[in-house]
Amino acid sequence: MKEVINTTKVPAAIGPYSQAIKVGNLVYTSGQISIDPATGSFVEGGIKEQTRQSLTNVQAILKEAGLTMENVVKTTVFMADMNDFANMNTVYAEFFTEPYPARSAVAVKTLPKGALVEIEVVAEVI
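Reference entry: report on the structure contained in this document.

Conventions used here
Residues numbered from 1 in each chain as written. Predicted model: local features only at pLDDT ≥ 70, side-chain atom pairs only at ≥ 80, totals over all residues. Heavy atoms only, no water. Helix = DSSP H or I, 4+ residues; strand = E, 2+ residues; numbered from the N terminus. Rg over C-alpha atoms; globule rule 2.2 N^0.38 Å. Buried < 20%, exposed > 50% of the residue type's maximum accessible area, 1.4 Å probe, protein only. Areas by Shrake-Rupley, 256 points an atom, 1.4 Å probe, with all protein chains shown as cover. Lys, Arg positive; Asp, Glu negative; His and termini not counted. Charge placed at Lys NZ, Arg CZ, Asp CG, Glu CD.

**Notes on the overall build of the chain**
Part 1 of the reasoning: Scanning the chain for helices and strands turns up 2 helices and 8 strands.
Part 2 of the reasoning: Taken from N to C terminus, the helices and strands of the chain fall in the order β-β-β-β-β-α-β-α-β-β.
Part 3 of the reasoning: In terms of C-alpha radius of gyration, the chain reaches 14 Å, essentially the compact-globule figure of 14 Å for 126 residues.
Part 4 of the reasoning: The principal-axis extent of the C-alpha atoms belonging to the chain is close to 40 × 30 × 25 Å.
Part 5 of the reasoning: By residue count, 39% of the 126 residues in the chain fall in the buried class.
Part 6 of the reasoning: When the accessible area of the chain is evaluated, it comes to approximately 6,900 Å², of which 52% is carbon and sulfur surface.
Part 7 of the reasoning: Within the chain, the 13 negative side-chain charges are centred at a point lying 4 Å from the centre of the 10 positive side-chain charges.

No statement about biological role is implied by the geometric values presented.
Written out as structure tokens, the structure is:
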């Protein structure tokens, strides 16, 4: 059975999707871009600031599900420019500890609302 996970601590979905879905012992988040829920706008700055806000939004969704970043088993990082990889990775490393989750990182042509990065995760409910 699917359980919807929603929180007001991140921006509302901008389309017909849920912030996260729990199925069995897994939680799948939708991709999170760097919109600050307090302002409804992108955070100021570049890839580092946007990565930090995207992951902060992921954390808020996981917290609503009773989880932390330590529960994350897989991430997917979408970037508008692969040249931003090193700077994204620096901030990403602030949010995860060993054993690190599996990860895919890809460059895409464009992201919603012109974001520089979008991050989705799969987390295990222990």
